[in-house]
Amino acid sequence: MLDYTLCNELLAEEGKSLAEQARIAADLGYVGLELAPATLGAAPHRLSASEVAGIRQTVEDAGLRVTGLHWLLSGYPELSITDPARQGRAQDVLVKLVGLCAALGGEVLIHGSPKQRLRPEGMDDGALISHLAAFFAPVAEAAEQNGVIYCIEPLSRAEDNTINTVAQGVALARAIGSPAFKTMIDISAAGQTEPPVAGLIREWVPTGLIGHIHANDTNRGAPGMGDDPFPEIVAALVNSGWNRPVGVEPFRTLIDARVTAATGIATLRACERACA
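### So, the packing of aromatic side chains
Now for step 1: Under the counting rule described, the total for this entry stands at four aromatic pairs.
Now for step 2: Judged by centre distance (5.7 Å) and plane angle (50 degrees), the ring pair of Phe136 and Tyr150 falls under tilted. Here the residue Phe136 occupies a position in helix H5 (residues 125-146), and Tyr150 occupies one in strand S5 (residues 149-152), the gap between them amounting to 14 residues. Like Phe136, the residue Tyr150 is buried in the burial classification.

Set out below in structure tokens:
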């Protein structure tokens, strides 16, 4: 069976404490929480060792683990990974978030954060990949040193004009050339940009360049809240031998965050049973 981890921001937005978030996720059958750093405080890259240990213990007390971090720069609206005038601090923050992820026991960081990665005007695809490869080189080195995987997330063209396809993410990973830097598949974004998602999974997972999967519907709800073909998507994951936690990442709720999280994992589990 596949393992599922729950992205925590919808629960956090409802005012649930981290302990409550972890208990809800555990009750629903998730193996862990995938944390948005902004839910941990105003400057999560500056958390003290004791604060980090407390966060980790809170999640583990519920029988879960922190599987990773995502939405890395949502709490840093002033930063940019593409604007040379703002790249330096962004790079410093990301290197520190790599260390945070490792200290929490996480295994993967997902870099989406579309507002902080707008393409410089007039920059073509080749120049963009070179620009981003130079920026991410020390981040990838930090990831390798900390034993975690850093993933660039292809986002839909409605959100972003830099990395929109898995092939573009792969091109960046290959340009960097680090085993700790990969790309990933966000089912919602991929379903909008380059369907069918099951075909992307079959094509790219065997390459070893996919470091994570986010499960969500193209309507931005949880699996089961829309019409995406999750039976085929889950079958592709199972048949590809995917063996890492799948992050359930809805952006809107059905009734509330708990019902949304329950709908997502129940749908995915039902799809697994159907393809067994």
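### Overview of the packing of helix H4 (residues 87-103) against H5
Now for step 1: At their nearest, the axes of H4 and H5 sit 9 Å apart, and the two run at 25 degrees to each other. Considered as vectors, H4 and H5 are oriented roughly parallel to each other. Remark: the crossing between H4 and H5 carries right-handed chirality. Touching Gln87, Ala90, Gln91, Leu94, Val95, Val98, Gly99 and Ala102 of H4 are His131, Ala134, Phe135, Phe136, Pro138, Val139, Ala142, Ala143 and Asn146, all from H5.
Now for step 2: Partitioned by chemical class, the residues of the contact of H4 with H5 number twelve nonpolar, five polar and no charged.

### Overview of empty space enclosed by the protein
Now for step 1: Taken as a whole, this structure holds three cavities of 30 Å³ or more when the rule is applied.
Now for step 2: Put simply, the largest cavity is a space of about 60 Å³.
Now for step 3: In this structure, the largest cavity is lined by Leu6, Cys7, Glu9, Leu10, Leu11, Glu249, Pro250, Ala257, Thr260 and Ala261.
Now for step 4: Secondary-structure elements contributing two or more residues to the lining of the largest cavity are strand S1 (4-7), helix H1 (9-13) and helix H10 (257-275).
Now for step 5: Looking at the lining of the largest cavity, its residues break down into seven nonpolar, one polar and two charged.
Now for step 6: Of the pockets and cavities examined, the second largest cavity occupies roughly 50 Å³.
Now for step 7: Taken together, Pro154, Asn164, Val166, Met184, Ile185, Asp186, Ala189, Ala190, Thr193 and Glu194 form the lining of the second largest cavity.
Now for step 8: Elements supplying a minimum of two residues to the lining of the second largest cavity: strand S6 (181-186) and helix H7 (187-193).

About the criteria used
- Residues numbered from 1 in each chain as written.
- Predicted model: local features only at pLDDT ≥ 70, side-chain atom pairs only at ≥ 80, totals over all residues.
- Heavy atoms only, no water.
- Phe/Tyr/Trp six-rings, centres within 6.5 Å; stacked < 30°, edge-to-face > 60°.
- Helix = DSSP H or I, 4+ residues; strand = E, 2+ residues; numbered from the N terminus.
- Buried < 20%, exposed > 50% of the residue type's maximum accessible area, 1.4 Å probe, protein only.
- Axes fitted to C-alpha atoms, helices over the stretch in contact; angles between N-to-C directions.
- Parallel < 35°, antiparallel > 145°, perpendicular 65-115°, else oblique.
- Left-handed = near helix turned anticlockwise from the far one by under 90°.
- Contact = heavy atoms within 4.5 Å.
- Nonpolar A, V, L, I, M, F, W, Y, C, P; charged D, E, K, R; others polar.
- 1 Å grid on protein atoms, 1.4 Å probe; cavity = no way out; pocket = protein on both sides within 12 Å on 5 of 7 lines; lining within 4 Å.
- Points joined across faces, edges and corners; volume = space filled by probe spheres on them.

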